[in-house]
Amino acid sequence: MTLIILGLGSSALAQTYNTFEPSKTQFMLRGYGHTGFEYLDTGGEQESTFLGATFAPIFLYKHSDKLMFEAELEFELEGNELKTGLEYADVMYVLNKHMTVRAGKFLLPFGTFMERLHPAWINRLPSRPLGFGHDGIAPASDIGVELRGAFDLGGPKMNYAVYVTNGPRIKDGSEEPEEAGMLDFGYYEDVNLAKALGGRIGLLPLSDSSMEWGISAYTTNSTGAEDSDYKDVGAFLWALDLSYVKSITPLQGVVDIKAQYNSSNVDTATYYEIEDGISEPYSFDNQSSSFYTQLSYRPIMSGSDFIKQLEFVGRYSDFNAPEGAEWEEKSTQYAFGLNYWLSWRSVVKLSYQTTKMEGGHDSDGTTRTNGLFVHWAIGF
Amino acid sequence: MKTTTNFKAAIILSVMASIMVACSSNKKPIATDTATEVAGSEVDFKIEKSGAQLWGEVCNRCHIAPSPADYNDTDWETISLHMRVRANLTEEEITKIETFLKSAN
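Everything quoted here is computed from the prediction, not taken from an experiment.

K.L.:
Would you mind showing me how to read the overall build of chain A here?
P.N.:
Along its length, chain A carries 3 helices and 20 strands. Dimensions of chain A along its principal axes, counting C-alpha atoms only, are 100 × 55 × 50 Å. Split into buried and exposed, the 380 residues of chain A put 49% on the buried side. A separation of at least 24 residues holds for 57% of the contacts in chain A among residues at least 6 apart in sequence.

Encoded structure:
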């Protein structure tokens, strides 16, 4: 009897103990959110608003030491509507020391901003630089397959990524005439047989990994539907990126520099403009570019606990859309920010931003927009 | 226009491919002198960095580095695999950092 009880007891004990053993299958629910207040003055017209919170849950499912799934959902209030999105959902498998394969919908390593820096708790400013996001020229995510990996070059390091995806669709102007000739990277359904091919090479020349240079390219032979006039309109994009993060003792803090240049070349095609009921053909040299550079500084070696948590940020960005397009535009923007870090993944950002835009598809002439933002972002 | 586009694409992609090939065929440490051979061919002569130092250098590049105490061992395993892929880190970097994070939390 005693033996049985003892036996039962020890197996119960073993079972309890077992729940503390690390499981091979691991699941994490994380994500981020942000909320804030914005005041905008667009050419003398003012508006102000509290921002509906954005909530982006991220699901990480680790199946084994090599196999993993990641997915991010996005919930955002746009006006009175709840907008939802699937930011990414992909599976990855470590093939060997130097190569991992990913498949599904993933963030594209075209430069670094979209893949590495855009989440609200990582981005040092409340806004994105010009050229990224809605109507931007840099592809953000797509559906396909990717190989990536890294090499140690005995101090310096190198990393690479190459991918094949469905590719963008060209806006032919039939739905939105003022956007004719723009590439729509948010159109995930494949409109033709051609795929987009892209890649990035990153080089970290210094042994302390403080600096990284990256070059990216992205190309497709066709952006139009298989049976359309735009079938043979191809596109070629490239980008250069730089990151430098270093703790500098004489400056008593961490200096962080980020920059990215994007260039987009779409083959010339004919679009139609309806004027007085008559359809007029027109065409233009479809080249766009954008650039940003950002400098931030955190005085982490300061003696004061308050000053230690502060961060000062400045960013310049510009965007040039093709001359002759309905969306012709030349914009420059300066943004300045003061951040207070509550923890490594929660930050209150106060920023002022001024944008000068010539053209743009809503207006001719020059528009100046000044904005004041207070955002609170948290990653979890 | 189209041909120049494809031509440029071909150049850039082939440069990328050749860098990749060059690096993959070059990954063995250059160990020619006898001392290294005695120590074993896999021994690298550069000064080995500790996991703690790598954590300080690597994990601050995109966001502020979390400290070991922020997660338990199980979560660090998941995060390490996630960051290895997302940040395109070398196996050596992530293995050392993961060991450090799990030992110091």
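Picking up after the structure, the text goes on.
K.L.:
Hey, could you run me through helix 3 (residues 51-58) of chain B in this one?
P.N.:
Two residues of an α-helix separated by three or four positions point the same way, owing to the 3.6 residues in each turn. Residue and element names in this part refer to chain B. For helix 3, the set of buried residues is Gly51, Leu54, Glu57 and Val58. The arc that holds every buried residue of helix 3, seen down its axis, measures 125°, which confines them to one face. At its buried positions, helix 3 is contacted by helix 5 (91-104).

K.L.:
How should the interface of chain A and chain B be read in this particular structure?
P.N.:
How big an interface is tends to be stated in terms of accessible area lost as the parts join. Listed by partner, the interface residues are 66 residues for chain A and 44 residues for chain B. Summed over both partners, the interface of chain A with chain B buries about 4,900 Å², with 63% contributed by carbon and sulfur atoms. Contact with chain B buries surface across chain A, with Met28, Phe236 and Trp344 of chain A losing the most and accounting together for 14% of the total. Our count for the chain A to chain B interface comes out at 4 salt bridges. Its salt-bridge partner being Arg86 of chain B, residue Glu70 of chain A comes within 3.3 Å of it at the nearest N-O pair. Linking chain A with chain B are 16 residue pairs in polar contact (both at pLDDT 80 or more), by the criterion used here. Partitioning the side of chain A that touches chain B into residue classes produces 27 nonpolar, 19 polar and 20 charged.

K.L.:
Looking at this structure, I do not really get the pattern of salt bridges. What am I missing?
P.N.:
Side chains that carry opposite charge are capable of pairing whenever their charged atoms lie near each other. Residues and elements named next belong to chain A. All told, the structure shown has 33 salt bridges over all chains when counted by the stated rule. Put simply, Arg148 and Glu115 hold a salt bridge, and the shortest N to O gap is 2.5 Å. Residue Arg148 is found in strand 6 (residues 141-152), and its partner Glu115 is found in helix 2 (residues 113-117); the two are separated by 33 residues along the sequence. Of the residues examined, Glu115 reaches a relative accessible area of 3% and is grouped as buried. One salt bridge in this structure joins Asp190 and Lys195, with 2.5 Å as the shortest N-O distance. Residue classification places Lys195 among the partly exposed residues on the basis of a relative accessible area of 37%.

K.L.:
Just to check I follow, could you spell out helix 4 (residues 73-86) of chain B for this structure?
P.N.:
Residue and element names in this part refer to chain B. End to end, helix 4 covers 20 Å across 14 residues, agreeing with the expected 20 Å (1.5 Å per residue, within 8%). Within helix 4, 10 of the 14 residues are buried, which leaves it mostly tucked inside the rest of the structure. Within helix 4 the residues assigned to the buried category are Trp76, Glu77, Thr78, Ile79, Ser80, Leu81, His82, Arg84, Val85 and Arg86. Regarding helix 4, its N-cap is Asn72, as a side-chain oxygen of that residue lies 3.2 Å from the backbone nitrogen of Thr74 further along. At the exit of helix 4 stands Asn88, carrying a positive phi of roughly 55°.

K.L.:
What exactly am I supposed to notice about a nonpolar patch on the surface here?
P.N.:
On the surface, Phe27, Leu29, Tyr61, Phe69 and Val91 of chain A cluster together to form a nonpolar patch covering roughly 450 Å² of accessible area. Relative to the helices and strands, Phe27 of chain A is located in strand 1 (residues 26-42).

K.L.:
Is there a simple way to think about the side chain of Thr220 of chain A in this case?
P.N.:
Residues and elements named next belong to chain A. With respect to the helices and strands, the residue Thr220 is situated in strand 11 (residues 211-220). Judged by relative accessible area, which is 3%, Thr220 ranks as buried. Of the polar contacts made by the side chain of Thr220, one reaches the backbone oxygen of Ser222; its length is 3.1 Å. Not counting residues up to four positions away in its chain, the partners in contact with Thr220 are Pro168, Ala194, Lys195, Ala196, Gly234 and Ala235.

K.L.:
Mind showing me how you'd approach the confidence of the model for chain A here?
P.N.:
Low-pLDDT stretches of the model should not have their predicted coordinates read in fine detail. The predicted model of chain A averages 91 in pLDDT, with 93% of residues at 70 or higher. Counted against residues more than four places away or in other chains, residues 1-16 of chain A, with its pLDDT under 50, gives 0 contacts.

Calculation rules
Going along each chain's sequence as written, the residues are numbered from 1 onward. Labels are handed out in written order, letters beginning with A for the chains and numbers beginning with 1 for the ligands. Where totals are concerned, whole chains, interfaces and linings use all residues; where local detail is concerned, this predicted model gives features only for residues with pLDDT of at least 70, and gives and counts side-chain atom pairs only at 80 or more. Side-chain numbers here rest on the full set of heavy atoms in the structure, without hydrogens or water. Counting from the N terminus, the helices are DSSP H or I runs at least four residues long and the strands are E runs at least two residues long. When accessible area is computed with a 1.4 Å probe and restricted to protein chains, residues below 20% of their type maximum are described as buried, those above 50% as exposed, and intermediate ones as partly exposed. Throughout, a contact is declared for two residues whenever any of their heavy atoms are within 4.5 Å. For this quantity, the arc is that covered by the directions from the helix axis to the C-beta atoms. Throughout, buried area stands for the accessible area (probe radius 1.4 Å) lost by two parts on being put together, summed over both. Here, a salt bridge means any side-chain nitrogen of Lys or Arg that lies within 4 Å of a carboxyl oxygen of Asp or Glu. Polar contacts, as used here, are pairs of N or O atoms within 3.5 Å; protein pairs need one atom able to donate a hydrogen and one able to accept it. Residues neighboring in sequence count only if both atoms are side-chain atoms. Any residue outside Ala, Val, Leu, Ile, Met, Phe, Trp, Tyr, Cys, Pro, Asp, Glu, Lys and Arg is labelled polar, Gly included; the first ten of those are nonpolar and the last four are charged. The span expected for a helix works out to 1.5 Å for each residue beyond the first. Here, patches come from residues exposed beyond 30% relative accessible area and free of salt bridges, joined within 9 Å for like charges and within 5 Å for nonpolar side chains (Val, Leu, Ile, Met, Phe, Trp, Tyr). The Shrake-Rupley method, run with a 1.4 Å probe sphere, supplies the accessible areas, and residue values consider only the shown protein chains as cover. Here pLDDT means the predictor's own confidence in every residue, given as a number from 0 to 100.

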